[in-house]
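Chain by chain, the residues run as shown.
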Amino acid sequence: MKVSARYIAVVVALSLASIALFYFLNLSNRRAVEAKAMDLAISEGQTIEKVLGKAASGLLGQGDAPLIRFMDEIFANDQVIYVAIQRSGRLLHAASKYEGYLPLGGDPQPVRTFRSPLGEIIEVSATLRDRSGLETSAHIGYFFSAIEEIRRAAKRSLLLLTLLQAAIVLVLVGFLFSFNRQMGRKEIEIQKEKEEKEKLQEISLITAGINHEIRNPLHSLYLSYQMLEPRLDPADADAAFHSQALKREIKRIQDIIERFSTLTHSLPVRKQPIDLAQFFSERQAAWAALETGTRVTVELEAGARLVSDRDLLAQVLDNIVRNAAEAGARSVAIRLFSRRGTVHLSVRDDGQGIKAEQLKFIFDPFMSFKSRGSGIGLALARKIVMQLGGTIEAASVEGRGAEFRIHL
Amino acid sequence: MSKNRFFLAAVLLLAPSLLPQQSAFHFFDPKNLVDIQGTVQRIDLEETYGKRSRFLVLTVMSADRVPYRVEICPQWFLENDIAVGMKIRIHGSLLAEAGENAYLIAQEISLQGERIALRDRRGFPLWSQHGSMDGSGSRKGPGRRGKR
């Protein structure tokens, strides 16, 4: 479901085609409406021509003057633009509402229409022949305003319908793209989760092996050490030094095994409101006790509240602070603030930073870029944050420290 | 009812006299178009189409020494200066044959290289383009122009 350029091109082409199709459908509809209106106008013109022919024929029997008067009366009508009487092709009488404008056609037709800057003009011409065979024609040019109104309305509705349909298509395409993108993102997440699960399954097997093969001998080793310790000569400084080193290393291996198993097992989460001032005061004391030489400062936004698992959150921060100390940081600044219902925790250190190519693997298990790292601390931190329903990200510029951002 | 009828009859009788009346032959004829090039000899303002607006009417001597009376447009429509002795080119409808009474209704004129459209191809006056049907026009200034 990845959005490829080809897919985008197909969707865009289909959208444009559908907009064009809608446009042409609307256009043909508009043309049909206009044609129907024109038919009506011509049909009306034909009726007027018949009436004009009858009236003019009757009036012409009484001489030219009554016909001229009749045409002038018609001319007084608002819709009439010009009237004319022609005899044998020459003008006998004419009147126009526009200076010098008398667009009579060549051969008189009963009804003809033509465009003018005012709109569509309909010219009705009645041709009469008297007993002597003399041909007289009466012409009325009038403005059929209804056609223009219909045209305007059809044009407006064409524009509105096309815009509406284009908007609908664009919204649908937008929705489709957004849905597709979300699906793509989800697919990547699922794939990533799957890969991580597979990795963790492998780790589980190793851990199970370690537990089985190392934990018990290590326990025996520690018991043996506890039995030997009182027998050592307290005055022998060399022996005391080696004894302490042995104890420390046994503890370190135990700790590593413990963290291995934490990484592969689901952790029980017990969320409750955390007294942030007290929590960070305790953590600062614990970090100071590590004697790493790293100074940790905490800045809490006034009124910030957090409901989470206190112990697990402590474990996350311990891992990040320990990681910073191992990276040579002299100071670590923790800042907590909330925005739009999310609590943000920023842990910034001034250590050696992380290389760009290492940054994307920083939370992977057993990926350590430090000489003494086990590659468990940050992987464990991310696992816990995810179990707490949050996210964690790292940002760094090599040589200028690193920042871990947790969003809960 | 009878009052209304009387009013309607009065309107019908009076209306034609209130509307612009032209002489029977004073109309733009698109079938008889000519091009004239000459010099302005005289400038008149005439009430050609009733008293509503004074029309600019020029007497132009063509290159072949034939005088023409040329009806241009209402005075207000033309922004250009016209002076006696100016060269002018006219495209218009010839109403009376060339000679002493030769009369043209201009459709387009060229003055000092500027082309000024006055009427459309059927003779509709462009100054009335946006106006009401009483021919009063919009009085919004001159029509389409372009350099030749």
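Residues numbered from 1 in each chain as written. Chains lettered and ligands numbered in written order. Predicted model: local features only at pLDDT ≥ 70, side-chain atom pairs only at ≥ 80, totals over all residues.

Draft legend 1. Examining the environment of A:Arg156 more closely. Along the chain, A:Arg156 turns up in helix α3 (residues 145–228). Here the alpha-carbon distance between A:Arg156 and A:Arg30, two residues 126 residues apart in the chain, equals 9.9 Å. (Helix = DSSP H or I, 4+ residues; strand = E, 2+ residues; numbered from the N terminus.)

Draft legend 2. Structural context of the sheet that holds strand β12 (residues 402–407) of chain A. All names here are of chain A. A sheet is described by the order of its strands in space; here five strands give the open sequence β7-β9-β10-β12-β11, paired in mixed fashion. Each having just a single partner strand, β7 (295–300) and β11 (391–396) make up the two edges of the open sheet. Ignoring which end each strand starts from, the neighbouring axes of this sheet average 15 degrees apart. Where strand β9 (residues 331–339) lies against strand β10 (residues 342–349), eight bridges are found, and the strand directions are antiparallel. In the sheet register, isoleucine 334 faces β10, and the bridge partner there is valine 347. Along the sheet, helix α5 (residues 276–289) makes contact with β7 and β9, crossing β7 at roughly 175 degrees. (Pairing = 2+ DSSP bridges. Axes fitted to C-alpha atoms, helices over the stretch in contact; angles between N-to-C directions. Contact = placed C-beta atoms within 7 Å.)

Draft legend 3. Region of the structure containing the environment of B:Asp35. Tracing the backbone through its elements, the reader meets B:Asp35 in strand β1 (residues 33–46). Take B:Asp35: there are 9 C-beta atoms within 10 Å of it, and that puts it in the exposed class. (Buried ≥ 20, exposed ≤ 12 C-beta atoms within 10 Å, placed from the backbone.)

Draft legend 4. Quick look at the sheet that holds strand β1 (residues 80–87) of chain A. Residues and elements named next belong to chain A. The strand order across the open sheet formed by five strands is β2-β1-β5-β4-β3, and the pairing between neighbours is antiparallel. Single-partner strands in this sheet number two, and they are β2 (90–96) and β3 (111–116). In this sheet, neighbouring strand axes are inclined to one another by 15 degrees on average, regardless of whether the strands run parallel or antiparallel. With seven bridges joining them, β1 and strand β5 (residues 135–143) adopt antiparallel strand pairing. Residue valine 83 lies in a different strand from β5, and its bridge partner there is isoleucine 140. Where helix α1 (residues 5–60) meets the sheet, it contacts β3, β4 (119–129) and β5, and its direction lies at approximately 35 degrees from that of β4. Helix α2 (residues 64–75) contacts β1, β2 and β5 of the sheet and is inclined by roughly 165 degrees relative to β1.

Draft legend 5. Molecular detail of the pairing of strand β6 (residues 114–117) of chain B. Residues and elements named next belong to chain B. Across four bridges, the pairing between strand β5 (residues 103–111) and β6 is antiparallel. Bridging from a neighbouring strand, isoleucine 109 pairs with isoleucine 116 of β6. What sits between the antiparallel neighbours β5 and β6 is a turn of two residues, in which glutamine 112 has the positive phi angle 50 degrees.

Draft legend 6. Layout of α5(A). Between its first and last C-alpha, α5(A) extends 20 Å over 14 residues, near the 20 Å set by a 1.5 Å rise per residue. Positive phi appears at A:Glu291, one or two residues downstream of α5(A), with a value of about 55 degrees. (Expected span 1.5 Å × (residues − 1).)

Draft legend 7. Summary view of the nonpolar core. Counting residues in each nonpolar core, the largest one holds 47 residues, and the members touching the most others are A:Tyr82, A:Val83, A:Leu102, B:Val70, B:Ile72, B:Leu104 and B:Ala106. At six residues, the largest contribution of residues to this core is made by β1(A). Counting residues in each nonpolar core, the second largest holds 35 residues, with A:Leu312, A:Leu317, A:Val347 and A:Ile406 among its members. (Core = buried A, V, L, I, M, F, W, Y, C linked by C-beta atoms within 7 Å.)

Draft legend 8. Layout of the packing of α1(A) against α2(A). All names here are of chain A. Running from N to C, α1 and α2 point in directions that differ by 145 degrees, and their axes come no closer than 7 Å. Residue-level contacts link Ala55, Ala56, Leu59 and Leu60 of α1 to Pro66, Leu67 and Phe70 of α2. Classifying every residue of the contact of α1 with α2 by side-chain character gives seven nonpolar, no polar and no charged. (Nonpolar A, V, L, I, M, F, W, Y, C, P; charged D, E, K, R; others polar.)

Draft legend 9. Structural view of the environment of A:Asp78. All names here are of chain A. Looking at where aspartate 78 falls in the secondary structure, it is placed in the loop between α2 and β1. Residue aspartate 78 is classed as exposed on the basis of its C-beta count, with 12 C-beta atoms lying within 10 Å. C-alpha separation for the pair aspartate 78 and tyrosine 142, spaced 64 residues apart in sequence, amounts to 8.8 Å.

Draft legend 10. Region of interest: unusual backbone geometry. Residues and elements named next belong to chain B. For arginine 65, which is not a glycine, the phi torsion comes out positive at approximately 65 degrees. Here arginine 65 lies in the loop between β2 (55–62) and β3 (67–74). In this structure arginine 65 comes out as exposed when scored by C-beta crowding, with 7 C-beta atoms within 10 Å. Positive phi, close to 50 degrees, is recorded for glutamine 112, a residue that is not glycine. In this fold, glutamine 112 is placed in the loop between β5 and β6.

Draft legend 11. Up close: the pairing of β5(B). Residues and elements named next belong to chain B. Bridge count between β3 and β5: three bridges; the pairing is parallel. The residue bridging valine 70 from the neighbouring strand is leucine 104, located in β5. Bridge count for strand β4 (residues 87–96) against β5 is eight bridges, and the pairing is antiparallel. In the strand pairing of β5, histidine 91 is matched with glutamate 108.

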